[in-house]
Amino acid sequence: MTTSTKGDVKDISLAPRGKDRIEWAAKEMPVLRLIRERFTKDQPLKGIRMSGCLHITTETANLAITLKAGGADLMLCASNPLSTQDDVAAALVSEYGIPTFAIKGEDEQTYYRHINVVLDHKPNMTMDDGCDLVSTLHTTRTELIPAIIGGMEETTTGVIRLRSMEKDGVLRFPVLAVNESDTKHMFDNRYGTGQSSIDAIIRSTNILLAGRTFVVFGYGWGGRGVASRAHGLGANVIVTEIDPTRALEALMDGYRVMPGIEAASIGDIFITVTGNVNVIDRAHLERMKNGALIANSGHFNDEINIPELEKLATKKRRVRDFVDEYTYADGRQVHLLAEGRLVNLSAAEGHPASVMDMSFANQALGSEYMLAYAKDMQPRVYTLPAELDKEIARIKLHAMGVRIDTLSPEQEQYLNSWETGT
């Protein structure tokens, strides 16, 4: 391993391969490229120390390069022990001069050591994916908080944690919930999570989805995407939900809807996409049929009650990369993918670059917005202005060669008036 103040990566010799893959991803990220060109010229982040706790992937690398181009003094660590792409981490250190502390498969002690190393950078701004960086700041590194202007949060789970902090009155600086932008959650969570989660399940198992019963726990934007892609490959999809409106939507989208405990005995493949804890619990695990596959595409691995799975099993073995087989006392075998961690980044490459282009455009513009307006913001969770969201969508459409209509003056006047009726 290569360890220094410039980074902690598995193998620095992997850097050339990482650079090639970063450049390949960049071809699919035209919105971020345009922002980078402006950032290079305007230097909106000049002099700002940033610490990022993100998935270290080719797409994240392009965000990091953009932030550095804008003048940020940036350090990175992984936001999940299994999501790091080691060649990308090496390239960030060696080829782009961005200190990066991330090793795929790092243990919990190393994971939090890396978080504390990037906090030693004494950031003025944070960028999080799951809220572990902000949570650590508010528990063990509170002395650093006075220097922090604000932060950004990338994912649903992190936003849930931040809103809980705000509700309890413990959040001490403003945070932009990037996940709440339409050009993030409607595309990244739905199309990105949908495709990449199915990709990971197929890569790690090489199974045929057609004809299988595929159970999706949660019908938020991520669950919608996973259900849609599984259905498209011929799976019989069951959705479980706690929200009556989402359950009704899933039903009208053509899926079977039932309690998870009922689905447990008939499903072949199970995936959690909720952001909650013990969504698949012991009672579900006890009912699963022989050969069942279990995966998680939420941020943390506690959506599946793995300690109870360990108790139920009399034997455990690794049968394929990212596939652990648990044998019950009665001989049934169930298979846990990627140790219950977010399967799309652990057992595959995560979201396609073209969808992360919009997500990370929100991060880049969010950092610029935070710097400009933080002085007027309270220690609360905020969203990016709708006009920035729509501008990202416009740039994306332009890059894809798609034109759309505009309102005529007559139409604008009509929409802004109340006099005209039937």
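Residues numbered from 1 in each chain as written. Predicted model: local features only at pLDDT ≥ 70, side-chain atom pairs only at ≥ 80, totals over all residues. Heavy atoms only, no water.

(A) Structural detail: unusual backbone geometry. Of note, the phi angle at Lys122 is positive, near 55 degrees, even though the residue is not glycine. Its location among the elements puts Lys122 in the loop between helix 5 (108-119) and strand 6 (125-128). Note on Lys122: relative accessible area 51%, which makes it exposed. One non-glycine residue, Cys131, adopts positive backbone phi at about 80 degrees. For Cys131, the position within the fold is in the loop between strand 6 and helix 6 (132-139). (Helix = DSSP H or I, 4+ residues; strand = E, 2+ residues; numbered from the N terminus. Buried < 20%, exposed > 50% of the residue type's maximum accessible area, 1.4 Å probe, protein only.)

(B) Quick peek at the packing of helix 1 (residues 15-26) against helix 4 (residues 86-94). The geometry of helix 1 relative to helix 4 is characterised by a closest axis approach of 7 Å and an angle of 95 degrees between their N-to-C directions. Between helix 1 and helix 4, the angle is such that the two are roughly perpendicular. Touching Ala15, Arg17, Gly18, Lys19, Arg21 and Ile22 of helix 1 are Asp87, Val88, Ala90, Ala91 and Ser94, all from helix 4. Among the residues forming the contact of helix 1 with helix 4, the class breakdown is 5 nonpolar, 2 polar and 4 charged. (Axes fitted to C-alpha atoms, helices over the stretch in contact; angles between N-to-C directions. Parallel < 35°, antiparallel > 145°, perpendicular 65-115°, else oblique. Contact = heavy atoms within 4.5 Å. Nonpolar A, V, L, I, M, F, W, Y, C, P; charged D, E, K, R; others polar.)

(C) Region of interest: helix 6. Of all 8 residues that make up helix 6, 6 are buried, and the element is covered over most of its length. For helix 6, the set of buried residues is Asp132, Leu133, Val134, Thr136, Leu137 and His138.

(D) Quick peek at the environment of Lys6. When you line up the elements, Lys6 lands in the loop between strand 1 (2-4) and strand 2 (7-9). Given the relative accessible area of 58%, Lys6 is considered exposed. As a C-alpha pair, Lys6 and Val93 span 87 residues in sequence and 6.6 Å in three-dimensional space. In contact with Lys6, other than residues within four places in its own chain, are Val93, Ile98, Pro99, Thr100 and Phe101.

(E) Summary view of the pairing of strand 7 (residues 150-153). Of the two faces of strand 7, the one lined by Gly150 and Met152 and the one lined by Gly151 and Glu153 are each fully buried. As defined by bridge partners, strand 6 adjoins strand 7 across 4 bridges and the pair is classed as parallel. Following the sheet pairing, Met125 is matched in strand 7 by Gly150. As a crossover connection, the stretch from strand 6 through helix 6 into strand 7 is right-handed. Taking the sense of rotation as the criterion, the β-α-β connection linking strand 7, helix 7 (residues 156-167) and strand 8 (residues 175-177) turns out right-handed. (Pairing = 2+ DSSP bridges. Right-handed = clockwise from strand over helix to strand, strands pointing away.)

(F) Structural view of the packing of helix 15 (residues 353-373) against helix 16 (residues 386-399). Closest axis-to-axis distance for the helix 15/helix 16 pair is 10 Å, and the angle between their directions is 140 degrees. With respect to each other, helix 15 and helix 16 are oriented oblique. Two packed elements cross with a definite hand, and for helix 15 against helix 16 that hand is right-handed. On helix 16, the residues touching Ser354, Asp357, Met358, Ala361, Asn362, Leu365 and Tyr369 of helix 15 are Leu388, Asp389, Ile392 and Lys396. Split into classes, the residues belonging to the contact of helix 15 with helix 16 amount to 6 nonpolar, 2 polar and 3 charged. (Left-handed = near helix turned anticlockwise from the far one by under 90°.)

(G) Examining the packing of aromatic side chains more closely. Going through the model one piece at a time under the given rule, you end up with 5 aromatic pairs. For the pair Tyr219 and Tyr255, a centre-to-centre distance of 6.0 Å together with 70 degrees between the ring planes defines the contact as edge-to-face. Placement of Tyr219 in the loop between strand 9 (213-217) and helix 9 (221-232) and of Tyr255 in the loop between helix 10 (244-252) and strand 11 (256-257) is noted, with a sequence separation of 36 residues between them. Take Tyr219 and Tyr255: they sit in the same class, and that class is buried. Positioned above the aromatic ring of Tyr382 is the side chain of Arg380, whose terminal nitrogen or guanidinium carbon lies 5.1 Å from the ring centre. (Phe/Tyr/Trp six-rings, centres within 6.5 Å; stacked < 30°, edge-to-face > 60°. Lys NZ or Arg CZ within 6 Å of the ring centre and 35° of its normal.)

(H) Region of interest: a nonpolar patch on the surface. Among the surface-exposed residues, Leu248, Leu251, Met252 and Val257 lie close enough to one another that they form a single nonpolar patch of about 390 Å² accessible area. Broken down by element, the nonpolar patch gets its largest block of residues, 3 residues, from helix 10. Tracing the backbone through its elements, the reader meets Leu251 in helix 10. Overall, the relative accessible area of 49% leaves Leu251 in the partly exposed class. (Patch = residues over 30% accessible without salt bridge, like charges linked within 9 Å, V, L, I, M, F, W, Y side chains within 5 Å. Areas by Shrake-Rupley, 256 points an atom, 1.4 Å probe, with all protein chains shown as cover. Salt bridge = Lys/Arg side-chain N within 4 Å of Asp/Glu carboxyl O.)

(I) Structural view of the pattern of salt bridges. The tally for this structure, following the rule as stated, stands at 27 salt bridges. The closest approach of N and O atoms between Arg38 and Asp42, which form a salt bridge, is 3.9 Å. Taken together, the residues Arg38 and Asp42, both in helix 2 (residues 30-42) and 4 residues apart, mark about one turn of the helix. The class for Arg38 is partly exposed, based on a relative accessible area of 30%. Asp120 serves as the salt-bridge partner of Arg141, at 2.9 Å between the closest nitrogen and oxygen. Note that Arg141 is positioned in the loop between helix 6 and strand 7 and Asp120 in the loop between helix 5 and strand 6, a separation of 21 residues in sequence. The buried category is assigned to Arg141, whose relative accessible area is 12%. Judged by relative accessible area, which is 48%, Asp120 ranks as partly exposed.

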